[in-house]
Amino acid sequence: MVQFEIITRAFRRPTMLAVNQSSLATSTYTNWKQTLFVDEVGIGVPAANAMLASVDVTGDYIWILDDDDRLTSPNALERVANKLNNSYAIVDAIVVQMDHGRLGVLPSYAFWHKVPPRGQIGVSSVIASRQFWYRYRDRFLSARYDSDYDYVSAVLSSGGNIIWHDGIVSEVQRISGGAPE
């Protein structure tokens, strides 16, 4: 049974963090743990991205689900776990869809099984194996606002065994741009 390690970066958004954690608590799939990184001072999105390059993980699959995101349904993680558990090969990463509010569902089918361009995929759309996390986490070091895209595109262009899950697993509560509530 796969264990998900869910990394959640939080910055002065207690209401959204509570919704994030509540959505996870109602999950029908229970083999997960959440690792919280709480920013009390406001280091900013670029620095928060760079911090991810040093995160040590123990889960089988690593998923970034920030405080302004939540699961779409109680069985969302279970559907992903079933797809991973029923795979005949080792899966390096799984791509899931996220509802990104005004940007729509990402990645859209126009970019299905491709590396989407910047702005057409969110970091919550890629759940990477621990091995791939360690291999590609240094992509966060550029410390740009969108260095999470550098990580996502490196994983997707790796040539590894990437599977695509046709289903919305997470949704943004509010596009926060790093701002507090």
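An account of the accompanying structure is given in this report. Not measured: the values here are computed from a predicted model.

1. A short note on the environment of Asn75
Take Asn75: it is sitting in the loop between strand 4 (69-71) and helix 3 (76-85). Residue Asn75 is classed as partly exposed on the basis of its relative accessible area, which comes to 33%. Between the C-alpha atom of Asn75 and that of Thr26, which follows or precedes it by 49 residues, the distance is 8.6 Å. Side chain to side chain, Asn75 and Ser73 meet in a polar contact 2.7 Å long.

2. Digging into the side chain of Asp68
On the secondary structure map, Asp68 appears in the loop between strand 3 (61-64) and strand 4. One buried charged side chain, Asp68, makes no salt bridge at all; its nearest oppositely charged neighbour is Arg13, positioned 4.4 Å away. With sequence-adjacent residues up to four places away left out, Asp68 is seen in contact with Arg13, Met16, Glu171, Val172, Gln173, Arg174 and Ser176.

3. Some points on the pairing of strand 7 (residues 126-129)
Bridging between strand 3 and strand 7 involves three bridges; their strand directions are antiparallel. Residue pairing in the sheet places Tyr61 in a bridge with Ser129 of strand 7. As judged from the three bridges shared by strand 5 (residues 93-99) and strand 7, these two strands associate in the antiparallel manner. Bridge pairing links Ala93 to Ala128 in strand 7.

4. Some thoughts on the nonpolar core
If you look at the biggest cluster of nonpolar residues, it comprises 26 residues, and the most contacted ones within it are Ile7, Trp133, Tyr151, Val155, Leu156 and Ile162. Listed by contribution, the elements that provide at least two residues to this core are strand 3, strand 5, strand 7, helix 4 (130-136), helix 5 (147-156) and strand 8 (162-172). Residues contacting Tyr151, with those up to four places away along its chain left out, are Val123, Ala128, Trp133, Tyr136, Arg137, Arg139 and Phe140. Within the second largest apolar cluster, 20 residues are counted, among which are Phe4, Trp63, Ala76 and Leu84.

5. Comments concerning the pairing of strand 5
Of all seven residues making up strand 5, six are buried, and the element is well covered by its neighbours. Pairing analysis gives six bridges linking strand 5 to strand 8, with the strands arranged parallel. Its bridge partner lying in strand 8, Val95 is registered against Trp164. As paired strands, strand 5 and strand 6 (residues 105-106) are joined by two bridges and run antiparallel to one another. Within strand 6, the position partnered with Met98 by the bridge is Leu106. If you look at the hairpin formed by strand 5 and strand 6, you'll find five residues sitting between the two strands, and Gly101 has a positive phi there, around 60 degrees.

Reading guide: rules and limits
Residues numbered from 1 in each chain as written. Predicted model: local features only at pLDDT ≥ 70, side-chain atom pairs only at ≥ 80, totals over all residues. Heavy atoms only, no water. Helix = DSSP H or I, 4+ residues; strand = E, 2+ residues; numbered from the N terminus. Buried < 20%, exposed > 50% of the residue type's maximum accessible area, 1.4 Å probe, protein only. Polar contact = N/O pair within 3.5 Å; in protein donor to acceptor, adjacent residues only side chain to side chain. Lys, Arg positive; Asp, Glu negative; His and termini not counted. Salt bridge = Lys/Arg side-chain N within 4 Å of Asp/Glu carboxyl O. Contact = heavy atoms within 4.5 Å. Pairing = 2+ DSSP bridges. Core = buried A, V, L, I, M, F, W, Y, C linked by side-chain atoms within 4.5 Å.

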